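Chain residues, written in single-letter form:
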Amino acid sequence: MTEFTYNNPVKLHVGPGKFGLLGGIAQQYGKKALLVVSDSTKPTGQLAKAQATLSAAGIEYVVYDKFMQNPLSTLVEEGAEQARQEKCDLVIGIGGGSAMDMTKGIAFCACNPGSIWDYVFGRKQAQYALPIILVPTTAGTGSEANRTAVFTNPETHDKKGLVNPLIYPVASIIDPELMLTLPKRVIAGPGADVLFHALESYISRNAHPFSEMLSLRAITLLTKNLPRVYADVTDLAAWEHVTFASTLAGMAIDCAGTTLPHALQHPMGGLLDVIHAEGIAAVYPAFMEYTWSAAPEKFAAIAAAMGVDTRNMTTEEAAYSSVQAVTSFLLSINMQPSLTELGVKEEHFDWIINNVQTTMKVVLENNPRVPDANTLRDILQRSL
Ligand SMILES: [Fe+2]
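Residues numbered from 1 in each chain as written. Predicted model: local features only at pLDDT ≥ 70, side-chain atom pairs only at ≥ 80, totals over all residues. Heavy atoms only, no water.

A. Inspection of the side chain of Asn112 at higher detail. Inspection of the secondary structure puts Asn112 in the loop between helix H4 (97–109) and helix H5 (116–120). Its relative accessible area of 6% is what places Asn112 among the buried residues. Among the polar contacts listed, one links the side chain of Asn112 to the backbone oxygen of Phe108, at a separation of 2.8 Å. Beyond its immediate chain neighbours, meaning those up to four positions away, Asn112 contacts Tyr119, Ala126, Gln127 and Tyr128. (Helix = DSSP H or I, 4+ residues; strand = E, 2+ residues; numbered from the N terminus. Buried < 20%, exposed > 50% of the residue type's maximum accessible area, 1.4 Å probe, protein only. Polar contact = N/O pair within 3.5 Å; in protein donor to acceptor, adjacent residues only side chain to side chain. Contact = heavy atoms within 4.5 Å.)

B. Structural context of helix H7 (residues 209–231). Over its 23 residues, H7 extends 34 Å from the first C-alpha to the last, a length consistent with the 33 Å expected when each residue adds 1.5 Å. Burial in H7 covers these residues: Ser211, Leu214, Ser215, Ala218, Ile219, Leu221, Leu222, Thr223, Asn225, Leu226, Val229 and Tyr230. Turning to H7, the residues buried within the fold contact helix H6 (184–203), helix H8 (236–256), helix H11 (296–305) and helix H12 (315–332). (Expected span 1.5 Å × (residues − 1).)

C. Looking closely at the sheet that holds strand S2 (residues 32–37). The six strands are arranged S1-S8-S5-S4-S2-S3 in an open sheet whose pairing can be described as parallel. If you trace the sheet from one side to the other, it starts and ends with strand S1 (11–14) and strand S3 (60–64), each paired once. Each neighbouring strand pair of the sheet contributes to a mean axis angle of 20 degrees, computed without reference to strand direction. Relative to S3, S2 is paired through five bridges, and the arrangement is parallel. Residue pairing for S3: Lys32 is matched across the bridge by Glu60. Across the sheet, H4 touches S2, S3, strand S4 (90–95) and strand S5 (132–136), and the angle it forms with S4 is around 170 degrees. (Pairing = 2+ DSSP bridges. Axes fitted to C-alpha atoms, helices over the stretch in contact; angles between N-to-C directions.)

D. Local environment of the packing of aromatic side chains. Under the counting rule described, the total for this entry stands at six aromatic pairs. Here the aromatic rings of Trp117 and Phe121 are separated by 6.1 Å at their centres, their planes lie at 35 degrees, and the arrangement is tilted. According to the relative accessible area criterion, Phe121 is partly exposed, its value standing at 34%. The ring of Tyr230 carries the charged tip of Lys184 above its face, separated from the ring centre by 4.8 Å. The ring of Tyr202 is capped by Lys298, whose NZ or CZ atom sits 4.8 Å from the centre of that ring. (Phe/Tyr/Trp six-rings, centres within 6.5 Å; stacked < 30°, edge-to-face > 60°. Lys NZ or Arg CZ within 6 Å of the ring centre and 35° of its normal.)

E. Examining the side chain of Lys104 more closely. Summarising the element assignment, Lys104 is placed in helix H4. The charged side chain of Lys104 is buried without a salt bridge, its nearest counter-charge being Asp101 at 5.0 Å. Here Asn146 takes part through its backbone oxygen, which lies 2.8 Å from a polar atom of the side chain of Lys104. Other than its neighbours up to four places away in sequence, Lys104 contacts Ile132, Leu134, Ser143, Asn146, Arg147, Thr148, Ala149, Ile167 and Pro169. (Lys, Arg positive; Asp, Glu negative; His and termini not counted. Salt bridge = Lys/Arg side-chain N within 4 Å of Asp/Glu carboxyl O.)

F. Geometry of the domain arrangement of the protein chain. Split by domain assignment, the protein chain resolves into domain 1 (11–178) and domain 2 (184–382). For domain 1 versus domain 2, the separation of C-alpha centres amounts to 25 Å. Each side of the interface is counted separately: domain 1 has 24 residues, and domain 2 has 30 residues. At the boundary of domain 1 with domain 2, total buried surface from both sides reaches about 2,200 Å², with 55% on carbon and sulfur atoms. The largest contributions to the domain 1 side of the interface with domain 2 come from Ala139, Lys159 and Pro176, which together make up 27% of the buried area. Its salt-bridge partner being Arg147, residue Asp254 comes within 2.9 Å of it at the nearest N-O pair. Here the residues of the side of domain 1 that touches domain 2 are counted per class, giving eight nonpolar, 10 polar and six charged. (Domains from an automatic or database assignment. Buried area = accessible area lost by both parts, 1.4 Å probe. Nonpolar A, V, L, I, M, F, W, Y, C, P; charged D, E, K, R; others polar.)

As structure tokens, then:
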């Protein structure tokens, strides 16, 4: 067995109705919280419920609700300033991936003044962050179970992750009941991202036996159950599997990282504000066509985990069948955009390729086959 080290310190509270435990959980970590929430928590009543459970537990709170789909580092630093002024000793995030990333960034910056980019690029080292509690209201990023948060620099358009053990949440609540009113687009996009995380962490050069187990289980649970919730948003039993898959995939990328599609999406998100899962979905068929032959056993296992009957296929046939399986799956949830539809044009290619080869080099090199600039251009061209 390959040697590896595994550590994930996040205390996970999983199950329908667990959101109601927020106040009691928060009591264990602080007295006054900055409550970072996405807009959707207001009409769904989730913010009101959080406020009620925190008040019942005697936790003071200040609401911070400024955020966007590709969170800007400037907004994170603003939130951190508010946390310092209000003397918050805890940061709670309720929302999708962006709200969770904001929460992590605020908890980190509140204890580490100056530019977050010094820490993202390793120019400064941090010792502390405020304790973080996360409550995902979409099933997608898996941010609730890992030490990554992604931000965009409004000056340089760099979009890059802070990866630091200090931003592991102390606790996360994974409550499938919070998903029961999601619109289809917010099921499909984040749901597809779960598949992307699971698939890319599985094929990553950094995968190890434990992360592979997490990834494969996430692929099976997600591909079986996401179409069910896409068809019927009230299917709680299917949501239990989808939310669990999201968390498993978030744990898997914590070990093994992502690969080529996520690397390519970052400059598209940073430059053109392309929605995370849509940018990735657009390059997926070209990425899989390019990559599968470099890791045929792994792509064959992905096909089998997705329910393809591979018993009478050669390894290569089974591996190649995963390309069609993923493409069909994305089509079934209406997630097969072209780069053109997302506003990416040929004139952006030079900037994207240069940016991905500098800021996302490590992620690019996780891919079983590492593309040069010409290959990247070809993948982008095929995805227009
Ligand atoms: Fe992602």
